[in-house]
Amino acid sequence: MLCRLEEEEEMSLLELQQRVDCIITHVDEIMQQEIRPLLAVDIIEQLHRQFALLSGGRGQEGSPIITFPEFSGFNEVSDEDFINVVTYLTSIPSMDAASIGFIIILDRRKDKWNSAIASLARIAGSFPGNLQLVLVLKPSRFLQRAIADVSMRLHRDDFKLKVPIVMLNSLSDLHGYIDKGQLTCDLGGTLDYCHSQWIHHRTAIENFALTVKSTAQMLQQFGTDLAETELPNDVQCTKDLLITHTEKHDKLKDELKLAVKQGNTLLSCIKDQATKAESHILNPDEVENQTTVERLLAQLDETENAFEQFWSRHHLKLEQCLQLRHFEQDFKEVKVSLDGLSEALLGLSDTGDCVARVEQLLGELKTLEDKAQECLEKAQLQAQHGDQLIQSNHYAIDSIRPKCVELRRICDDFSNEAKKKRDVLTKSLEILKRIDEVNQWCESGVYLLASQAVDRCQTQEGAEAALQDIERYMKTAKEQQLSHLKELNNQYEVVLSELLKSKVQTALKTLNDVQEMFEKRHASLKKLSTKQTRPVQPVAPRPESSPKRPSPKIPHPTPPTSHRKTTDNSSTNRQPSDAELAKRKNIRKAKGGIKIEVMHEGGQGGSSHILMNNETEESLSNRRSHIMNELIETERLYVEELQSIIEGYAAALDDPELIYLIPPSLENKKEVLFGNLPEIYQFHQKIFLKELENSAEKPELVGTCFLKRKEELQIYEKYCQNKPRSEALWRQCGDSMFFQECQKRLDHKLSLDAYLLKPVQRITKYQLMLKEMLKCSKNPEGTAELEEAQATVLDIIKSVNDSMHQIAITGFEGSLNDLGKLLMQGSFNVWTDHKKGHSKVKDLARFKPMQRHLFLYHKMILFCKKREEMTDGHEKSPSYSFKHSLKMGSVGITENVKGDIKKFEIWYNGREEVYIIQAPSMDVKNTWVSEIRKVLTSQLEACRASQLHQKITENIYHAPMRNMRKTALRQSDSSSPETGYRRSDSGPNMRQKRDLG
């Protein structure tokens, strides 16, 4: 459309230029600048002296007549003035008339013959035009006439005129050559001629012609400027340009009006001369003047029309440009608002873990929708305005239509997304309310079961009353339609989050368990109310016995040694668990970010390298060399990849050529995105790769490289701790043009996030290669170093994993660095059994386990509650809310708890607080118990060393005080780390005895 408008404008400009060229050509013909460079106004004084006249008369063949009247000072006229006047007069008639030749009338009737001879000589020497005839009126006095006759006969050849020279004695002789109507009255003719008026007309015509030419040139220049003007890209510049061009147009319009007015006035003056008398007839020069003015006026009118046509198209283009810039500006404003609203909507979670949270999210969604309503209406109006511009044949249809489509799409996407979130939140709210009802019913039911007094059930009446309470409460489950939760879960399963599905399953399981407990209690009480043979004591449910799973039979008491041996054997000969079989990948993205896993094999029994005894030393050596070469080659490739990331992406953030592509969310975030990747690159490129290459000839000694650089390899812990922040930033700006351009320049097939995962993958690759190297190592040389190196890398991986969880701890007042090294971390079921507290609360706490994530440090154990939150609509990110802590100096441990081999006890301050810990597996339990035992043992040794030092430095005279301290020490040992852990609980009495102290 713009091309078509520009073509029309270009055609209009071409037509305007053609009109202007015609005017300029015509004016040049009128002025005849190549013949006479002077205008009438330039020789106005010489013209007023009237020594030469162009009266407008014509000869018989139409030859223009130039008259040299009686002029006493003719000889005093300078040659320059004479030539200028004669040249000017000969240039006035048309080219056709001038080509016929001029007739000169030299009137010297009152002059002397010498003067006449001088005049003829001057004319012969400087007349610029063609001559047809020279008529000389001789002096009228007799003597001068006689001299003239004789002189002409003798000196005719002296004149250089090649035309006839006719000597006339009187006016009647003149009338024989020239008609009276072509002669002025002073020559006896009837031609009406006024010299001053003639000068006035000539100056006016020339002035008008110059005005027309100047105006035409201004129009031409203005049209060229308009055509070459580029359209601005913003509203204000377009407005300014439109105002400027309009002002210039109006000014030129005024100039045109003045020129037309001037031409009409001049034309009226010429015509008025003809209307003075009916018998007056315009002479050829006057007719030519009138024709010239009329032609100039006609051309001026045509030029004005062409200019207006060009201006209308240009003005339309400018107005449409202004409309487009307004539309684009409004579009940008609306789109920024819509993008902000869409981003806010996407950032609004559609998952809540409780009713209050979901109601809050619904309120935020409603607020956001109300806030967006005005913007959405504005976007629709903007799209309608764009449709109107398209219907009005706007030149930028191809630019306007996509923006209208985009506005409507964004509005639809926002509305659909809001509707989707509202639907999910509404259904989630309904589910959560049902879950709360189920949990409240279950909680009240547990209190009801726990609150039924045992002595009341000893009698038939008491059993019947308790039975009625049970039946009434069981009836409320049907009245509240608690089973409807399962139907809702099946109905809304598609839109529910995993967290909510888990809550539903937990609630349904709890409901099922509590209902089963009620049914069992109901059956027991019904038997008691019907027939009672002996007292029955209902017991509140204990945490170690699940309602659905019967408690395992208590084994016969066995010595601790044999018990431990049995446990070890069962642990050794057991089949691999599902968790172990699942650990086949060296690295993966977990729900909460990066988790590093170690590759394992299905069967593990003893050292892996013992399995290779059947291979020859040569084959083992070849395998070692192959593994070493692979380690070095992959290390080189790893260094090259790190270099490409740093130079191709990190350094590009400072490249001025790409700065305009960097998204705002990435500004000043280089360290967040890349972490300490430059530090890792420097270490591998300058140190580690070279040391590996130096070990190429002795692969079995490669373990020393890892042991030597054990401290430097800890840099991976810092990198992995920053990885969640890096991934969150990547999700915000990973799709930007900046990263696409960098990837294109590097010719990478994968995007940056895949390369940022390389360090995490590399640290796990090391332990795999060390493991393979161990399998090929028969000789004792280097084997110990390989085993230690593998343990070192595994320890680094464990430290990385543990630190990833540690940084997610929230709510702990104090510094985690003061607690010592983080030794272990993991999730457990925890029951509490405190001496202090309300009985109902204690019963509920003993029945219902708590999900807790434990962190074991040298100085303290932290109990945290794991929470999973969505991050920017992507995977779940775990956080650990601090709940409780135990100082290791006051902790005791009981290794085995009756009822479940996966449980152990941690007790505090002489069993004032007891925590029953259920591990997910026996391996996890044994690892934790072993690690806690190590901490307690190290603390005991430190305590004994401190006491021994104190005894040595004590004065001998303080022996009684020492005895008292020994007594106190023996009393405190019962709860100290030395005796704080127990191997087993043979029975309640034995446990109570052992736990006292």
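- Where an unreviewed UniProt entry is consulted, the protein chain appears under the name Guanine nucleotide exchange factor DBS isoform X47, with the organism given as Danio rerio.

## Concerning the overall build of the protein chain
Right, on to step 1. From N to C terminus, the protein chain includes 30 helices and 15 strands.
Right, on to step 2. Residue burial in the protein chain is summarised as follows: out of 997 residues, 43% are buried.
Right, on to step 3. Here the analysis covers contacts within the protein chain between residues at least 6 apart in sequence; of these, 75% occur between residues at least 24 apart.
Right, on to step 4. For the protein chain, the computed accessible surface area is about 53,100 Å², with 51% contributed by carbon and sulfur atoms.

## Focus: the packing of aromatic side chains
Right, on to step 1. Evaluated as defined, the whole model comprises 18 aromatic pairs.
Right, on to step 2. The interplanar angle of 70° and the centroid separation of 5.8 Å between the aromatic rings of Phe-688 and Tyr-766 together place this pair among those described as edge-to-face. Here Phe-688 is found in helix α20 (residues 677-694), whereas its partner Tyr-766 is found in helix α25 (residues 758-775), with 78 residues between them in sequence. Here Phe-688 matches Tyr-766 in class, with each residue buried.
Right, on to step 3. By the ring-pair criterion, three or more aromatic residues cluster together here, those being Tyr-649, Trp-730, Phe-738 and Phe-739.

## What about helix α13 (residues 460-479)?
Right, on to step 1. Taking 1.5 Å per residue, 20 residues should reach 28 Å; α13 reaches 28 Å between its end C-alpha atoms and fits that length.
Right, on to step 2. Gly-462, Ala-463, Ala-466, Leu-467, Ile-470, Tyr-473 and Ala-477 are the residues of α13 that are buried. All buried residues of α13 lie within an arc of 135° about the axis, which places them on one face of the element. What points out from α13, more than 90 degrees from its buried face, is the exposed set Glu-461, Lys-475, Lys-478 and Glu-479.
Right, on to step 3. Looking at the packing, one finds that the buried side of α13 touches α12 (397-451) and α15 (498-530).
Right, on to step 4. Residue Gln-481 follows α13 closely and has a positive phi angle near 55°.

## Considering a positive patch on the surface
Right, on to step 1. On the surface, a cluster of positive charge is made up of Lys-848, Lys-865, Arg-867 and Lys-883.
Right, on to step 2. Turning to its location among the elements, Lys-883 is positioned in strand β11 (residues 876-887).

## Focus: the packing of α20 against helix α22 (residues 715-733)
Right, on to step 1. Close contact between α20 and α22 brings their axes to 10 Å; oriented N to C, the two are set at 155°. Between α20 and α22, the angle falls in the class roughly antiparallel. The two elements α20 and α22 meet at a crossing, and its hand is left-handed. Between α20 and α22, the contacting residues are Leu-677, Glu-679, Ile-680, Phe-683 and His-684 on the first element and Ile-715, Tyr-716 and Tyr-719 on the second.
Right, on to step 2. By residue class, the composition of the contact of α20 with α22 is six nonpolar, one polar and one charged.

## Points about the nonpolar core
Right, on to step 1. Counting 60 residues, the largest nonpolar core has Phe-674 and Phe-738 as the members making the most contacts within it.
Right, on to step 2. With 12 residues, helix α18 (residues 617-650) is the largest single contributor of residues to this core.
Right, on to step 3. Each residue touching Phe-674, except ones within four places of it in the same chain, is listed here: Ile-645, Tyr-649, Ala-650, Leu-653, Tyr-719, Leu-752 and Leu-756.
Right, on to step 4. In terms of nonpolar packing, the next biggest core, distinct from the first, is built from 53 residues, Val-358, Ile-435, Val-438 and Met-517 among them.

## A few points about the confidence of the model for the protein chain
Right, on to step 1. Per-residue confidence for the protein chain averages 77 on the pLDDT scale, and 77% of its residues sit at or above 70.
Right, on to step 2. Note that pLDDT drops below 50 for residues 532-593; the model gives that stretch 80 contacts with residues more than four away or on any other chain.
Right, on to step 3. Overall, residues 838-845 carries pLDDT values under 50, and its contacts beyond four positions in sequence, including any with other chains, amount to 13 contacts.

## Focus: the side chain of Gln-825
Right, on to step 1. Here Gln-825 lies in strand β8 (residues 822-832).
Right, on to step 2. At 3.1 Å, the side chain of Gln-825 and the side chain of Asp-802 are in polar contact.
Right, on to step 3. A distance of 2.7 Å separates the side chain of Gln-825 from the side chain of His-853, its partner in a polar contact.
Right, on to step 4. Excluding its chain neighbours within four sequence positions, the residues that come into contact with Gln-825 are Asn-801, Asp-802, His-805, His-853, Leu-854, Phe-855 and Trp-928.

## Concerning the state of the cysteines
Right, on to step 1. For the structure on display, the rule yields zero disulfides.
Right, on to step 2. Between Cys-375, a cysteine without a disulfide, and Cys-411, which holds the nearest cysteine sulfur, the sulfur-to-sulfur distance is 7.3 Å.

## Here we look at the sheet that holds strand β2 (residues 102-107)
Right, on to step 1. The four strands lie next to each other as β1-β2-β3-β4, forming an open sheet whose pairing is parallel. The strands lining the two open edges of the sheet, one partner per strand, are β1 (65-68) and β4 (165-168). Adjacent strand axes in the sheet meet at a mean angle of 20°, parallel and antiparallel pairs treated alike.
Right, on to step 2. In the packing of helix α5 (residues 113-126) onto the sheet, contacts are made with β1, β2, β3 (131-137) and β4, and the angle to β2 comes to roughly 160°.

## Brief notes about the pairing of strand β9 (residues 850-857)
Right, on to step 1. Of all the eight residues making up β9, six are buried; the element is thus mostly covered by neighbouring parts of the structure.
Right, on to step 2. In the sheet, β8 pairs with β9 via eight bridges, with the strands oriented antiparallel. By the bridge assignment for β9, Phe-828 is matched with Arg-852.

Cut-offs used in this document
- Residues numbered from 1 in each chain as written.
- Predicted model: local features only at pLDDT ≥ 70, side-chain atom pairs only at ≥ 80, totals over all residues.
- Heavy atoms only, no water.
- Helix = DSSP H or I, 4+ residues; strand = E, 2+ residues; numbered from the N terminus.
- Buried < 20%, exposed > 50% of the residue type's maximum accessible area, 1.4 Å probe, protein only.
- Contact = heavy atoms within 4.5 Å.
- Areas by Shrake-Rupley, 256 points an atom, 1.4 Å probe, with all protein chains shown as cover.
- Phe/Tyr/Trp six-rings, centres within 6.5 Å; stacked < 30°, edge-to-face > 60°.
- Expected span 1.5 Å × (residues − 1).
- Arc of directions from axis to C-beta.
- Patch = residues over 30% accessible without salt bridge, like charges linked within 9 Å, V, L, I, M, F, W, Y side chains within 5 Å.
- Salt bridge = Lys/Arg side-chain N within 4 Å of Asp/Glu carboxyl O.
- Lys, Arg positive; Asp, Glu negative; His and termini not counted.
- Charge placed at Lys NZ, Arg CZ, Asp CG, Glu CD.
- Axes fitted to C-alpha atoms, helices over the stretch in contact; angles between N-to-C directions.
- Parallel < 35°, antiparallel > 145°, perpendicular 65-115°, else oblique.
- Left-handed = near helix turned anticlockwise from the far one by under 90°.
- Nonpolar A, V, L, I, M, F, W, Y, C, P; charged D, E, K, R; others polar.
- Core = buried A, V, L, I, M, F, W, Y, C linked by side-chain atoms within 4.5 Å.
- pLDDT = per-residue confidence, 0-100.
- Polar contact = N/O pair within 3.5 Å; in protein donor to acceptor, adjacent residues only side chain to side chain.
- Disulfide = S-S within 2.5 Å.
- Pairing = 2+ DSSP bridges.

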